[in-house]
Amino acid sequence: MTKPLCVMLVAAEASGDDRGAGLARALRRRLGDGVRFVGVGGARMAAEGVQSPFDISQLSILGLLEGLLAYRRVMARVEDTVALAAREKPDVVVLIDSWGFTLRVAQRLRKLDPKLPLVKYVAPQVWATRPGRAKTLAASVDHLLSIHVFDAPYFEAEGLPTTFVGNSALTLDFSGADGERLRRELGVALDVPLLLVLPGSRPSEISRILPPFADAVAILKASHPDLAVVIPAAPTVAEAVKAQAGGWAHIVEGERGKLDAMKAATVALACSGTVTTEVAMAGVPMVVGYRLGNLTHAILKHLIRTPYITLFNIAAKDFVAPELVQDDCNGPALAREVAKRLDDPELRRRQVEAQAAALLKMGRGGPDPSEAAADAVLTLLARPA
């Protein structure tokens, strides 16, 4: 009897957990019992049979200072991950997003077994900052699965074979989502404006971004007393969100709650990240806010080569959605931009149209990324060593 293919999937954040789960499902559809999974991930990957040796929330770190403070903890988890590979002896390892963590895992796995195929899923954004990462990645892995059409030239120039698979956020299925159902469950009438608040999925984002978002909501409720507010809480930060926002927002959990909330929303106030693409897919106009640690921001502002932080703004080369970053990410400024959209249906309509046009430029309507990623992994394994 042929031994099942062992695929190791490594994800350290919520978006990577989602991509890892999708890839696991796609590989199982092709191979059935002929594949088994090991690795590191969250709840979604666990549901697909990937039992993580530790809780990935401890790796959800953003910022230079935070990274330095967490260095020993992160390196311990790197060693745990490499030890798992040494025990399980996978046939291929797919390292998903989370640049700092997955790069260190890749470099140690390369030393452990130079012949072990290593695949990076989601490229560092070298077109925006730190182009030297393309050369570093090319020396560390065998293949790149990219989610942006404009990634490949940067990495192929360094000799790294790259396959564009697309962004899973662009295939988010809203067919089962029901905004009216959510409003009924929360007791929010259909004619009441509903603000969707998305403060991020990392603990550092909750601590930095939720407070100005809360200030904005307080200002908005003073001027819009009937305003309803809902927060879909990511599993990695659900308890922190409940503790800090339970008094002024409806908190929903789970994928169904998140998608229903997106369809129910009038306007969104969103932390920069994958979720902005998801909200745009739902057809909701948004205001984007973000804050980094002061040291991180001071350094990055000299390295960033694009004026935009939101992917569909980058694709459109325009501020389709307003971006309020760092000191501009404050309650009054955020409230002002949200209020414009709450009060102006025509502005909402125009922004939704512009967001949809930008999504097309990003590849909306293309092949399913999980299926394309599965094909790429199996093609790599089929090549002669």
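Computed from a predicted model, the values in this text were never measured in an experiment. (Residues numbered from 1 in each chain as written. Predicted model: local features only at pLDDT ≥ 70, side-chain atom pairs only at ≥ 80, totals over all residues. Heavy atoms only, no water.)

A.B. asks: Before we go on, may I ask you to explain helix α10 (residues 238–245) in this structure?
C.D. replies: Along an α-helix, residues three or four positions apart point the same way, because every turn accommodates 3.6 residues. Within α10, burial applies to A238, V241 and A245. Buried positions in α10, seen along its axis, are confined to an arc of 65° and lie on one side of it. Opposite the buried face of α10, at more than 90 degrees from it, the exposed residues are E239 and A243. Buried residues along α10 sit against α9 (203–223), β8 (228–232) and β9 (250–252). (Buried < 20%, exposed > 50% of the residue type's maximum accessible area, 1.4 Å probe, protein only. Helix = DSSP H or I, 4+ residues; strand = E, 2+ residues; numbered from the N terminus. Arc of directions from axis to C-beta. Contact = heavy atoms within 4.5 Å.)

A.B. asks: Even after reading the chapter, I still don't get helix α4 (residues 71–88), so can you show me in this structure?
C.D. replies: In this model α4 runs 26 Å from its N-terminal to its C-terminal C-alpha over 18 residues, within 8% of the 26 Å that 1.5 Å per residue would give. Looking at the buried residues of α4, the elements they touch are β1 (5–11), β2 (35–40) and α5 (99–112). Phi for K89, located one or two positions after α4, is positive at around 50°. (Expected span 1.5 Å × (residues − 1).)

A.B. asks: Whenever I open this one, the pattern of salt bridges confuses me. Can you help?
C.D. replies: Oppositely charged side chains are able to pair whenever their charged atoms sit close together. On inspection of all chains with the given rule, the structure shows 25 salt bridges. Ionic pairing is found between K258 and E255, a salt bridge with its closest N-O pair at 3.7 Å. With K258 and E255 both in helix α11 (residues 254–264), this residue pair falls 3 residues apart, about one helical turn. With relative accessibility at 16%, the residue K258 sits in the buried group. Looking at E255, the relative accessible area reads 30%, which means it is partly exposed. (Salt bridge = Lys/Arg side-chain N within 4 Å of Asp/Glu carboxyl O.)

A.B. asks: Help me understand the sheet that holds strand β3 (residues 92–96) in this model?
C.D. replies: Where strands meet in a sheet, backbone hydrogen bonds hold them as pairs that are either parallel or antiparallel. On the basis of which strands lie adjacent, the open sheet formed by 6 strands has the order β2-β1-β3-β4-β5-β6 and parallel pairing. Either end of the sheet is taken by a strand with one partner, and the two such strands are β2 and β6 (162–164). Between one strand and the next, the sheet's axes are offset by a mean angle of 20°, whatever the strand orientation. Relative to strand β5 (residues 143–146), strand β4 (residues 118–121) is paired through 3 bridges, and the arrangement is parallel. Following the sheet pairing, K120 is matched in β5 by L144. Packing against the sheet, helix α1 (residues 14–31) makes contact with β1, β2, β3 and β4, and its axis sits at approximately 165° to β1. The sheet strands contacting α4 are β1 and β2, and the helix crosses β1 at an angle near 175°. (Pairing = 2+ DSSP bridges. Axes fitted to C-alpha atoms, helices over the stretch in contact; angles between N-to-C directions.)

A.B. asks: Before we go on, may I ask you to explain the packing of α1 against helix α17 (residues 369–382) in this structure?
C.D. replies: Two quantities define a packed helix pair, namely the angle between the helix axes and the distance between the axes. Between α1 and α17, the least distance of the axes is 8 Å, while the angle of their chain directions is 65°. Helix-helix and strand crossings are classified by hand; for α1 and α17 the assignment is right-handed. The residues of α17 that touch α1, namely those facing G22, L23, A26, L27, R29, R30 and L31, are S370, E371, A373, A374, D375 and L378. For the contact of α1 with α17, the residue count by class is 7 nonpolar, 2 polar and 4 charged. (Left-handed = near helix turned anticlockwise from the far one by under 90°. Nonpolar A, V, L, I, M, F, W, Y, C, P; charged D, E, K, R; others polar.)

Any functional reading would require information that these geometric values do not contain.
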